[in-house]
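# Fold and contact review
What follows is the residue order along each chain.
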Amino acid sequence: MVTTLVVPRLLRRATTLSGTLSRAGSVTARDLMATRHSGYWLVVLSGFLEPVLYLFSIGVGVGALVGEFHLADGRVISYAAFVAPAMLAASAMNGALSESGFNFFARLKWIKLYDAMVATSLRPFEIALGELFWALARGVIYAVAFLGLMVALDLTTVGRAVPALVAALLVGLAFGALGMAISTFMRNWQDFDYMTVFIFAMFLFSGTFTPADAYPEALRVIVALTPLYHSVELLRGFTTGALSLAMAGHALYLVALAVVGLTVAGRRMTYLLCR
């Protein structure tokens, strides 16, 4: 019974999954080929420099005035070490959103690249998955470079940077899926102004420069709903060594966001490309 019913079903599912990942990988490979244009890397560099400048200007500059910073568990760190993981989260967010937001929208609505792709064996969900892989790759580039900078400045250790990199991958995955889902609802380039305002507000009020507990109760509740807050708290726990069970909750939030975002993006692309 098991051999005749269960095993064939498992084999069919495995074959289907393998084919989906293979076709999604071809979309990612196409994006990789497009990076040969030198202008692309200038855009990548600009997206990485913003969090670095904030780290040096506020984390190091203002940190010289702040002095020591006390964590919730009573341990004392420098203010730069407190701000750095927030800038790491912002860097991973910027990398993922740049690809899954502006670039994804251009290919979907302006260049009409995906209209040509669905004429092949590619399905809309596989296109979304392939683009998410590429958004994650850009987030990884930012995360690795920023963690290297943190280690060089003695703001964390190599041992703490390794699990922080894995957490940064999750941050990039969540924001990549979210950005792609939002982009499918965009009507024109001007709609991205709303997205930019929201991102900047998250950047300022997600526990980046001050602990979220310092905010008024009403604002604290709103902050706790934002994905960047959970990203900052997760990365700060790893880079400072302040591990807690709450970090599991932050990770689950980001996983759920990635799943929902990818699902919405796949369905919206099916509606837009196959109607």
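Cut-off values and rules
- Residues numbered from 1 in each chain as written.
- Predicted model: local features only at pLDDT ≥ 70, side-chain atom pairs only at ≥ 80, totals over all residues.
- Heavy atoms only, no water.
- Helix = DSSP H or I, 4+ residues; strand = E, 2+ residues; numbered from the N terminus.
- Buried < 20%, exposed > 50% of the residue type's maximum accessible area, 1.4 Å probe, protein only.
- Contact = heavy atoms within 4.5 Å.
- Areas by Shrake-Rupley, 256 points an atom, 1.4 Å probe, with all protein chains shown as cover.
- Salt bridge = Lys/Arg side-chain N within 4 Å of Asp/Glu carboxyl O.
- Axes fitted to C-alpha atoms, helices over the stretch in contact; angles between N-to-C directions.
- Parallel < 35°, antiparallel > 145°, perpendicular 65-115°, else oblique.
- Nonpolar A, V, L, I, M, F, W, Y, C, P; charged D, E, K, R; others polar.
- Phe/Tyr/Trp six-rings, centres within 6.5 Å; stacked < 30°, edge-to-face > 60°.
- Lys NZ or Arg CZ within 6 Å of the ring centre and 35° of its normal.
- pLDDT = per-residue confidence, 0-100.
- Expected span 1.5 Å × (residues − 1).
- Left-handed = near helix turned anticlockwise from the far one by under 90°.
- Core = buried A, V, L, I, M, F, W, Y, C linked by side-chain atoms within 4.5 Å.

### Topic: the overall build of the chain
Counting secondary structure elements, the chain contains 10 helices and two strands. When its helices and strands are written in sequence order, the chain yields α-α-β-β-α-α-α-α-α-α-α-α. Burial statistics for the chain: of 275 residues in total, 46% are counted as buried. Expressed as a percentage of contacts within the chain between residues at least 6 apart in sequence, the contacts between residues at least 24 apart total 78%. Of the roughly 13,800 Å² of accessible surface on the chain, a fraction of 71% belongs to carbon and sulfur atoms.

### Observations regarding unusual backbone geometry
Although it is not a glycine, K112 adopts a positive phi angle of roughly 65°. Along the chain, the position of K112 falls in the loop between α3 (79-110) and α4 (113-117). The backbone phi angle of D154 is positive, close to 60°, even though this residue is not glycine. Structurally, D154 can be placed in the loop between α5 (124-152) and α6 (158-183). Taking relative accessible area as the criterion, D154 reaches 64% and is therefore assigned exposed.

### Description of the pattern of salt bridges
In the structure shown here, the tally under the stated rule is eight salt bridges. Its salt-bridge partner being E99, residue R138 comes within 3.0 Å of it at the nearest N-O pair. Within this pair, whereas R138 is found in helix α5, its partner E99 is found in helix α3, the two being separated by 39 residues in sequence. Exposure class is identical for R138 and E99. Each is buried. A salt bridge links R236 to E233, with the nearest nitrogen and oxygen atoms 3.7 Å apart. With a gap of three residues between them, R236 and E233 both fall in helix α9 (residues 227-240), about one helical turn apart. Looking at E233, the relative accessible area reads 24%, which means it is partly exposed. One connected set of salt bridges, linked through shared partners, spans E99, R107, E131 and R138.

### Details of the packing of α6 against α9
In helix packing, the relevant descriptors are the interaxial angle and the interaxial distance, both defined with respect to the helix axes. Packing of α6 against α9 leaves a shortest axis separation of 8 Å and a crossing angle of 170°. Classified by the angle their axes make, α6 and α9 are roughly antiparallel. Counted together, R160, P163, A164, A167, A168, L170, V171, F175 and L178 of α6 and P227, L228, S231, L234, L235, F238, T239 and T240 of α9 form the full contact between these two elements. Each residue belonging to the contact of α6 with α9 can be placed in one class, and the counts come to 13 nonpolar, three polar and one charged.

### Regarding the packing of aromatic side chains
The final tally for this structure, using the stated rule, is nine aromatic pairs. Here a set of aromatic residues connected by ring pairs shows up, and it is made of F102, F105, W189 and F192. For the cation-ring pair, R236 lies above F82, with the distance from its terminal atom to the ring centre recorded as 3.7 Å. Positioned over the ring face of F185 is R268, at 4.2 Å from the centre of the ring.

### Focus: the confidence of the model for the chain
Atomic detail in the predicted coordinates should be set aside for any region of low pLDDT. Chain-level statistics for the chain give a pLDDT mean of 83 and a share of 88% at 70 or above. Here helix α1 (residues 2-34) stands out as the least confident element of the chain, with mean pLDDT 62; α9 is the most confident, with 94. For the stretch residues 5-15, pLDDT sits under 50, and the model shows three contacts to residues farther than four places along the chain or on other chains.

### Here's the deal with α5
When the terminal C-alpha atoms of α5 are compared, their 42 Å separation across 29 residues agrees well with the 42 Å that a helix rising 1.5 Å per residue should span. Positive phi shows up at D154, right after α5, with a value of about 60°.

### Some points on the packing of α5 against α6
In contact at an axis separation of 8 Å, α5 and α6 are set at 145° when each is read in the N-to-C sense. The hand of the α5/α6 crossing is right-handed. Counting all contacts with α5, which are made through A128, E131, L132, A135, L136, V140, A143, V144, L147 and V151, the residues of α6 involved are V158, A161, A164, L165, A168, L169, G172, L173, G176, A177 and M180. Residues of the contact of α5 with α6, tallied by class, amount to 18 nonpolar, two polar and one charged.

### Topic: the nonpolar core
Inside soluble globular proteins, nonpolar side chains tend to come together where they are buried. With 49 residues, the main nonpolar core has M87, F175 and L235 as its most contacted residues. The set of elements that each furnish at least two residues to this core consists of α2 (38-66), α3, α5, α6, α7 (192-205), α9 and α10 (246-273). Here this core gets 16 residues from one element, more than from any other, and that element is α3. Contact partners of L235, with chain neighbours within four places excluded, come to P85, L88, A89, A164, A167, A168 and V171. Formed by 20 residues, the second largest nonpolar core is a distinct cluster that contains V27, L113, L122 and A265.

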